[in-house]
Amino acid sequence: MTLQRFGHGYDSHLFGANRRLLLGGVEIPHTSGLVGHSDGDAVAHAVIDALLGAAAMGDIGTLFPNSNERWRDADSMELLREVKRRVIAANYMIVNVDVTIITEAPKIGPFVQQMKTNIAEAIGISVGGVSVKAKTNEGMDAVGEGRGIVVHAVASLAGA
């Protein structure tokens, strides 16, 4: 019997000056980027937590703590590749990932296909197994006021 496992990931970051905006490994033109210990890629971080959750392997903060200078300005897509290696080593197969980005700006639509391609490559699945979509927060809270971005991700794994 094949075991199916599901994990949910969440990440949020405030916008800050003098930072690049990276989401799903794509640099997106914007007035500011996301503040974070690593490169601030909230999409990669949410996917990492979803995969780790599905495999019951903890979370991004445990694996790559912001108290460790080794991870300062780290490439989050490389961190995602490392998590994929760990998940595969634990005898799981990544089936699919579903990502929802919540932000008022910038518009995410023009970058979705490249994000899907980057995520698929990083986790070793087909682009058809990756969904990325964007929503606004209709002006509610800090995200709705344009001060940050929230990302949710769900991952499914199969294993014996």
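Below: a short report on this structure. Just so you know, these numbers come straight off a predicted model, no measurement behind them. (Residues numbered from 1 in each chain as written. Predicted model: local features only at pLDDT ≥ 70, side-chain atom pairs only at ≥ 80, totals over all residues. Heavy atoms only, no water.)

Of the regular secondary structure elements, the protein chain holds 5 helices and 7 strands. Listing every helix and strand of the protein chain by position from the N terminus yields β-β-β-β-α-α-α-β-α-β-α-β. Against the compact-globule benchmark of 15 Å for 160 residues, the protein chain has a radius of gyration of 15 Å, which places it among compact chains. Along the three orthogonal principal directions, the C-alpha set of the protein chain runs to about 50 × 35 × 25 Å. Counting across all 160 residues of the protein chain, residues that qualify as buried make up 49%. Entry remark: accessible area of the protein chain is about 7,800 Å², with carbon and sulfur atoms responsible for 52%. (Helix = DSSP H or I, 4+ residues; strand = E, 2+ residues; numbered from the N terminus. Rg over C-alpha atoms; globule rule 2.2 N^0.38 Å. Buried < 20%, exposed > 50% of the residue type's maximum accessible area, 1.4 Å probe, protein only. Areas by Shrake-Rupley, 256 points an atom, 1.4 Å probe, with all protein chains shown as cover.)

Here the focus is the environment of L3. Relative to the helices and strands, L3 is located in strand 1 (residues 3-16). Taking the C-alpha atoms as reference, L3 lies 5.5 Å from A158; in sequence the two are 155 residues apart. Every residue in contact with L3, bar those within four places of it in the chain, is listed here: L157, A158 and G159. (Contact = heavy atoms within 4.5 Å.)

As for its placement among the helices and strands, M77 is situated in helix 3 (residues 76-89). M77 sits 42 residues away from I119 along the chain, and the two C-alpha atoms are 7.8 Å apart. Discounting residues that sit within four places of it in the chain, M77 has contacts with G24, G25, D41, A44, N118, I119 and A122.

To continue, consider the sheet that holds strand 4 (residues 33-34). In a beta sheet, neighbouring strands are held together by backbone hydrogen bonds and run either parallel or antiparallel to one another. With respect to topology, 5 strands assemble into an open sheet ordered 4-1-7-5-6, the strand pairing being mixed. Each of the sheet's edge strands pairs with one partner strand only, and the pair in question is strand 4 and strand 6 (130-135). Two elements, strand 5 (residues 92-102) and strand 6, share 6 bridges in a ladder whose sense is parallel. Paired with I101 across the bridge in strand 6 is A134. Those strands touched by helix 1 (residues 42-54) are strand 1, strand 4, strand 5 and strand 7 (148-159), and its axis lies near 155° from that of strand 1. (Pairing = 2+ DSSP bridges. Axes fitted to C-alpha atoms, helices over the stretch in contact; angles between N-to-C directions.)

A large share of strand 7 lies buried, amounting to 10 of its 12 residues. The pairing of strand 1 with strand 7 spans 12 bridges and is antiparallel. For H13, the partnering residue across the bridge sits in strand 7 and is I149. The pairing of strand 5 with strand 7 spans 10 bridges and is antiparallel. In the strand pairing of strand 7, D98 is matched with V154.

To continue, consider unusual backbone geometry. Geometrically, the link from A105 to P106 is a cis peptide bond, its omega value of 5° lying close to zero. Within the secondary structure layout, P106 lies in the loop between strand 5 and helix 4 (112-123). For N91, which is not a glycine, the phi torsion comes out positive at approximately 70°. Within the secondary structure, N91 is located in the loop between helix 3 and strand 5. Although it is not a glycine, E138 sits at a positive phi angle of roughly 50°. Note on placement: E138 falls in the loop between strand 6 and helix 5 (141-144).

Right, let's get into the nonpolar core. Inside soluble globular proteins, nonpolar side chains tend to come together where they are buried. By size, the foremost hydrophobic cluster in this structure holds 46 residues, and its most contacted members are L23, L51, V99 and I101. Those elements giving two or more residues to this core turn out to be helix 1, helix 3, strand 5, helix 4, strand 6 and strand 7. With sequence-adjacent residues up to four places away left out, I101 is seen in contact with V43, I108, M115, V132, K133, A134, K135, I149, V150 and V151. (Core = buried A, V, L, I, M, F, W, Y, C linked by side-chain atoms within 4.5 Å.)

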